[in-house]
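Take a look at the letters that make up each chain.
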Amino acid sequence: MRHALLAMAGIALGVAAASQPASAQSNWWSDPLNSREIQYLDDYRPQASPIPRQRVEISEQFGPGTIVISTSARRLYYVTRPGEAIEYGIGVGRPGFEWTGTKRVTAKREWPSWTPPAEMLRRRPDLPRYMSGGPDNPLGARALYLGSSLYRIHGSNEPETIGQAVSSGCIRMTNADVIDLYSRVKVGAKVVVLN
């Protein structure tokens, strides 16, 4: 009888928690890779990446703080110390929009606004001319701006594109992954984009 009462109490607690409005739910998420709590804005919830973040070995030619992007592997590596990096799944430029080279992170923005460049508007005149930052914005939760180029490393509200070649040259990450990367990267960090 006692087990039945405990089970009923557990069910009642579960129903009560599920019936609370979204605004009453916690907007904190425990990041499993670095064991810290991250707070999200506007009841935003992190997306599950189809490619889990993990620690990996990397060539010691890349110094700590460097971002290395392999477009063919569709992975981004943030070098944490000589020979070690955090690997993230990414989306990359579709055929005709691939690029390689070395850039620097020249700016960082949280929940950035988006103004499509003229080149993109010529291809897609249906796009809005401006979007304020937020969960529906194509740049997602964070953006790292790469030199004077039109390219960014940014979040995405389309996690299903991670591991795909669908962008106009920008590097896409899930919002949870770009928030983690953003917290680690400093303005001035070197970004090496390989094929």
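Refer to the preceding data block for the structure.
Cut-offs applied
- Just so you know, the residues in each chain are numbered from 1, in the order the chain's sequence is written.
- Local features are withheld for residues below a pLDDT of 70 in this predicted model, meaning they are given only at 70 or higher, and side-chain atom pairs are given and counted only at 80 or more; totals for whole chains, interfaces and linings count all residues.
- Working from all heavy atoms in the structure, the side-chain values ignore hydrogens and water.
- Here, nonpolar core refers to any group of buried Ala, Val, Leu, Ile, Met, Phe, Trp, Tyr and Cys residues whose side-chain atoms link them within 4.5 Å.
- Working definition: with a 1.4 Å probe on protein chains only, accessible area under 20% of the residue-type maximum means buried, over 50% means exposed, and in between means partly exposed.
- Helix numbers and strand numbers start at the N terminus; a helix is a DSSP run of H or I with at least 4 residues, a strand a run of E with at least 2.
- Only heavy atoms matter for contacts: two residues are in contact if any of them lie within 4.5 Å across the pair.
- A 3.5 Å cut-off defines polar contacts: any pair of N or O atoms within that distance qualifies, except that in protein one atom must be a possible hydrogen donor and the other a possible acceptor, and neighbouring residues in sequence count only when both atoms are side-chain atoms.
- Following DSSP output, two strands are said to pair if at least two bridges run between them.

### With respect to the nonpolar core
- Formed by 22 residues in total, the largest nonpolar core has its most connected members in I67, I69, L76, I153 and L181.
- Counting residues per element, the ones that place at least two in this core are strand 4 (67-70), strand 5 (75-81), strand 6 (84-89), strand 9 (142-146), helix 3 (175-184) and strand 13 (190-194).
- Broken down by element, this core gets its largest block of residues, three residues, from helix 3.
- Among residues more than four places away in sequence, those in contact with I67 are L76, Y77, Y78, L144, I153, L181, V185, K190, V191 and V192.

### Remarks on the side chain of N137
- Relative to the helices and strands, N137 is located in the loop between helix 2 (118-123) and strand 9.
- At 3.2 Å, the side chain of N137 forms a polar contact with the backbone oxygen of M131.
- Once you skip the residues sitting within four places of it in the chain, N137 turns out to touch P112, S113, W114, M131, S132 and N157.

### Some details on the pairing of strand 5
- Two elements, strand 4 and strand 5, share four bridges in a ladder whose sense is antiparallel. Note on strand 5: the bridge partner recorded for I69 is L76.
- The antiparallel hairpin formed by strand 4 and strand 5 contains four residues in its connecting segment, where R74 sits at a positive phi of about 55°.
- Pairing between strand 5 and strand 6: six bridges, direction antiparallel. Residue L76 lies in a different strand from strand 6, and its bridge partner there is Y88.
- Between the antiparallel neighbours strand 5 and strand 6 lie two residues, among them G83 with a positive phi of about 85°.

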